[in-house]
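Structure at a glance
The chain contents come next:
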Amino acid sequence: MVRDNQLPGWLSATRPDIVLMHLGTNDVWNNIPATTILDAYTTLLSQMRASNPATKLVVAKIIPMNPSGCSACGQRVVDLNNAIPGWAQAHSTAASPITVVDQWTGFDTATDTSDGVHPNSTTGIQKMEARWYPALVAALPGDGPTPAAGLHVDGTRIVEGNGATFVMRGVNHAYVWYPSQNSSFANIKSFGANTVRVVLGSGQRWGPTSAAEVSNIISLCKQNRLICVLEAHDTTGYGEQSGAATLDQAASYWISVASALKGQENYVVINLGNEPFGNNQQVSATWASATSNAVARLRAAGLQHLLMADAPMWGQDWQNIMRDGAASVLSADPLHNTVFSIHMYGVYDTAAEINAYFDAFQTAGLPLVVGEFGSMHTDGNPDEDTIMAQAQARGLGYIGWSWSGNSSDVAYLDMTNGFDPASLTPWGERFLNGPNGVKQTSKEATVYGGGSGEDTQPPSTPDTPTVSAVTSTSVKLTWTASTDNVGVTGYDILRAPGASGGTFSPVGSSATTTFTDTGLSASTTYRYQVRAHDAAGNSSGSSGTATATTSAGGGTGTCKVTYSASNWGGGNGFTANVTITNTGTSTVNGWTLAFSYAAGQQITMPGWGATYTQSGGNVTATNLTWNGTLAPNASTGIGFNGTFSGSNPAPSSFSLNGSTCTTA
């Protein structure tokens, strides 16, 4: 496009105000360096601005690639995508802003493309549309008010008026029940918090907290250099809790104190209503419409602040109502400035549940914070370590419940004894001073001088990881910590099959400098690299490559494989169908099937029912999201097309997660 000067003619004919740009796939395929591709981006941007100085450019981190015959393409895409945010930051202007949309995360070349490159019409196009849409809506001129400079949503991030990423690290404070405990603001700040979530009353059950009080609370937040999240608590458990307020009543309250809120958009987040529905499923099903209506009322009243919407089901969204309806609420906000808040208590007692919820919002490109959580609760034992580690690794905000003053039945949620900062409870010590806690990870808002705008400096590249504790199904990796000008938030671990060739793809993340890769095949060679990242999304270069070969598996005979192949295509093509059955007594959660071809057969990617890799004659097939769980006696079918020369014998053996299977 740049070489042949194709863009100016199109610009002249169409005069666009907004341009969506997903470019670089063919360049990556042809091994064009990322720096050269970005130089072409710059040329195209100059041509756009020459045509229209106010052009709004929405540029994509491009979708992943896994084409046949280009084993390096996957890593080249990662390298280009890592460089795009810095390019956008360097070239964005107030008159002609550039927004980055992450089309890479959550896109699966096996299920979302037709050929490892081009999005298919069943899931691929829809995923891309879902990512483009919010950014496009945000770029469109609206009939409503122009957002004030202040805290706002940018994709999955919260950013300040100057564009700096802001990651909440805060404490809940029960003001409405303890209005004289105003020293708590300074005491919370003393541990390094950058946010305080303040409990107010809207008049149905507590309060109402007056406009004068709200002004004083905001003043206390600003005096102590804290971002102020103000929440109306009366909505808690509506539909199940007697006397609870509706979100419409909460909206009326916020409008009644608008005089104290307007002009504070840099410092204040309006949390519409705390845990606005109980466990009444019929009532909770109205969450999306009720939340959208409340947002609309506040916008119509001229409140342009970042809004925070709590989940239903006592804030824990255990039926995924907010997860599935958040996109519609965000689209209904004329300012596109709403962040969603999940409260994580007993429902979130395993790492799998926590990661699944975080993954859903990340994949959908929606902003999320953990608005409340604790170390214990009456409904179960939340996994606070995973909540905090994953929030840090992903750049998600969190706010712990609560500073002090809980009733005796949940007093274990107090962080201090009697509001005394010198007397921390075990929960307070863990939350404030522990690993991934407030003191370790909080960064003050730049509006208070806590930084100088957007962080564009990546962390240092990690050293080559060290391999240890190798078994037939797992490998442990350890590496030296990276450094960063602000702080490293985590590491991405990438894996490629075999001793050479193949594509490095992400297999996990870690908030520490160790990672154990599990579910591997026995007697198989893997290669690993590590990248560091920070809260602003900057990624380091990839480390040196470490190689590991798993030991031989003993085999337990708890799986059965049926393999059949039909030859076609004039004698050199075939279709293979494989059925995997769990013959054991325990459920299989995640599987990798391994086998080898002895006669030089080659799989034609991508296949179906699994994600395939091949190195020489060694083949692995890893489950997709929908078929990763196999209950006892359950089966799943997978398959692929392939080519051969001469004979086409079936593999002599199969192993599932390192255990040898029987064949039928």
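Look a little higher up for the structure.
One structure accompanies this document, and this report is about it. (Residues numbered from 1 in each chain as written. Predicted model: local features only at pLDDT ≥ 70, side-chain atom pairs only at ≥ 80, totals over all residues. Heavy atoms only, no water.)

**A few points about the sheet that holds strand 20 (residues 514–517)**
Taken together, three strands build an open sheet; the order of strands is 16-17-20 and the sheet is antiparallel. The strands lining the two open edges of the sheet, one partner per strand, are strand 16 (466–468) and strand 20. Neighbouring strand axes in the sheet, compared pairwise and without regard to direction, differ in orientation by 25 degrees on average. (Pairing = 2+ DSSP bridges. Helix = DSSP H or I, 4+ residues; strand = E, 2+ residues; numbered from the N terminus. Axes fitted to C-alpha atoms, helices over the stretch in contact; angles between N-to-C directions.)

**Here we look at the sheet that holds strand 1 (residues 18–21)**
The three strands lie next to each other as 1-2-3, forming an open sheet whose pairing is parallel. If you trace the sheet from one side to the other, it starts and ends with strand 1 and strand 3 (98–102), each paired once. Mean inter-strand twist for the sheet, computed between neighbouring axes without regard to direction, equals 20 degrees. Where strand 1 meets strand 2 (residues 56–61), four bridges bridge the pair, whose relative direction is parallel. Within strand 2, the residue paired with Val 19 across the bridge is Leu 57. The strands touched by helix 3 (residues 34–51) within the sheet are strand 1, strand 2 and strand 3, with strand 1 carrying the most contacts at an inclination of about 165 degrees. Where helix 4 (residues 73–91) meets the sheet, its contacts fall on strand 2 and strand 3, and the angle it forms with strand 2 comes to roughly 165 degrees. (Contact = heavy atoms within 4.5 Å.)

**Remarks on the pattern of salt bridges**
It is possible for side chains of opposite charge to pair when their charged atoms get near one another. In this structure the tally under the stated criterion is 14 salt bridges. When the shortest N-O distance is used, the salt bridge between Glu 372 and Arg 197 registers 2.9 Å. Within this pair, whereas Glu 372 is found in strand 12 (residues 368–373), its partner Arg 197 is found in strand 7 (residues 195–200), the two being separated by 175 residues in sequence. Considered together, Glu 372 and Arg 197 belong to a single accessibility category, that of buried residues. Across the pair Arg 297 and Asp 248 runs a salt bridge, and its minimum N-O distance is 2.9 Å. Of the two residues, Arg 297 sits in helix 12 (residues 287–300) while Asp 248 sits in helix 9 (residues 247–256), which places them 49 residues apart along the sequence. Taking relative accessible area as the criterion, Arg 297 reaches 29% and is therefore assigned partly exposed. Residues joined in a network through salt bridges with shared partners are Arg 197, Glu 231, Asp 310 and Glu 372. (Salt bridge = Lys/Arg side-chain N within 4 Å of Asp/Glu carboxyl O. Buried < 20%, exposed > 50% of the residue type's maximum accessible area, 1.4 Å probe, protein only.)

**Section: the pairing of strand 8 (residues 227–232)**
Counting buried positions over the six residues of strand 8 gives six, a clear majority of the element. Residues of strand 8 alternate between two faces, with Ile 227, Val 229 and Glu 231 on one and Cys 228, Leu 230 and Ala 232 on the opposite face, all of them buried. When strand 7 meets strand 8, the two strands line up parallel, connected through six bridges. Bridging from a neighbouring strand, Arg 197 pairs with Val 229 of strand 8. Of the pairings in the sheet, the one linking strand 8 to strand 9 (residues 268–271) comprises four bridges and is parallel in character. Pairing of Val 229 across the sheet is with Val 269, part of strand 9.

**As for the state of the cysteines**
Under the criterion given, the structure shown has three disulfides. Here Cys 70 pairs with Cys 73 through a disulfide, and the sulfurs are 1.9 Å apart. Between Cys 70 and Cys 73, the disulfide has an S-S torsion of 90 degrees and is therefore right-handed. Here Cys 221 is linked by a disulfide to Cys 228, with a sulfur-sulfur distance of 2.3 Å. Linking Cys 221 and Cys 228, the disulfide has an S-S dihedral of approximately 50 degrees and is accordingly described as right-handed. Of the residues examined, Cys 221 reaches a relative accessible area of 1% and is grouped as buried. For Cys 228, a relative accessible area of 0% translates into the label buried. (Disulfide = S-S within 2.5 Å.)

**Some details on the packing of helix 12 against helix 13 (residues 321–332)**
Look at helix 12 against helix 13: their axes get within 9 Å of each other, and the N-to-C directions meet at 30 degrees. The pairing of helix 12 with helix 13 is recorded here as roughly parallel in orientation. For the element pair helix 12 and helix 13, the recorded crossing hand is right-handed. Between helix 12 and helix 13, the residues in contact are Trp 287, Ala 288, Thr 291 and Ser 292 and Ile 321, Met 322, Gly 325, Ala 326, Ser 328, Val 329 and Ala 332, respectively. Looking at the contact of helix 12 with helix 13 residue by residue, the class counts come to seven nonpolar, four polar and no charged. (Parallel < 35°, antiparallel > 145°, perpendicular 65-115°, else oblique. Left-handed = near helix turned anticlockwise from the far one by under 90°. Nonpolar A, V, L, I, M, F, W, Y, C, P; charged D, E, K, R; others polar.)

**Description of the packing of aromatic side chains**
Throughout the structure, instances matching the rule amount to 25 aromatic pairs. Judged by centre distance (6.1 Å) and plane angle (70 degrees), the ring pair of Tyr 238 and Phe 277 falls under edge-to-face. With Tyr 238 in the loop between strand 8 and helix 9 and Phe 277 in the loop between strand 9 and helix 11 (281–284), this pair connects stretches of sequence that are 39 residues apart. Residue classification places Tyr 238 among the partly exposed residues on the basis of a relative accessible area of 30%. With centroids separated by 5.3 Å and ring planes inclined at 35 degrees, the aromatic side chains of Tyr 357 and Phe 361 adopt a geometry described as tilted. Here Tyr 357 and its partner Phe 361 are both found in helix 14 (residues 351–364), four residues apart, which amounts to about one turn of the helix. Side by side, Tyr 357 and Phe 361 carry an identical accessibility label, which is buried. Of the aromatic side chains, those joined through ring pairs into one cluster are Tyr 563, Phe 574, Phe 595, Tyr 597, Tyr 612, Phe 640, Phe 644 and Phe 654. The ring of Tyr 267 carries Lys 222 above its face, with NZ or CZ at 4.4 Å from the centroid. (Phe/Tyr/Trp six-rings, centres within 6.5 Å; stacked < 30°, edge-to-face > 60°. Lys NZ or Arg CZ within 6 Å of the ring centre and 35° of its normal.)

**Observations concerning unusual backbone geometry**
The omega torsion of the bond from Gly 207 to Pro 208 falls at 10 degrees, within 30 degrees of zero and hence cis. Tracing the sequence through the fold places Pro 208 in the loop between strand 7 and helix 8 (211–223). In the segment running from Met 605 into Pro 606, the intervening peptide bond is cis, with an omega of 10 degrees. Tracing the backbone through its elements, the reader meets Pro 606 in strand 27 (residues 602–608). At Asn 31, a position not held by glycine, the phi torsion is positive, near 60 degrees.

**Brief notes about helix 13**
Under the 1.5 Å per step criterion, the end-to-end length of helix 13 is 16 Å for twelve residues, consistent within 8% with the ideal 16 Å. Among the residues of helix 13, those classed as buried are Ile 321, Met 322, Gly 325, Ala 326, Val 329 and Leu 330. On an axial view of helix 13, the arc spanned by its buried residues comes to 160 degrees, and they lie on one face. (Expected span 1.5 Å × (residues − 1). Arc of directions from axis to C-beta.)

**Thoughts on the packing of helix 14 against helix 15 (residues 384–394)**
At a closest axis distance of 10 Å, the pairing of helix 14 and helix 15 adopts a crossing angle of 30 degrees. Our classification of the angle between helix 14 and helix 15 gives roughly parallel. The two elements helix 14 and helix 15 cross, and the hand of that crossing is right-handed. The residues of helix 15 that touch helix 14, namely those facing Ala 351, Ile 354, Asn 355, Phe 358, Asp 359 and Gln 362, are Thr 386, Ile 387, Gln 390, Ala 391 and Arg 394. A class-by-class count of the residues in the contact of helix 14 with helix 15 yields five nonpolar, four polar and two charged.

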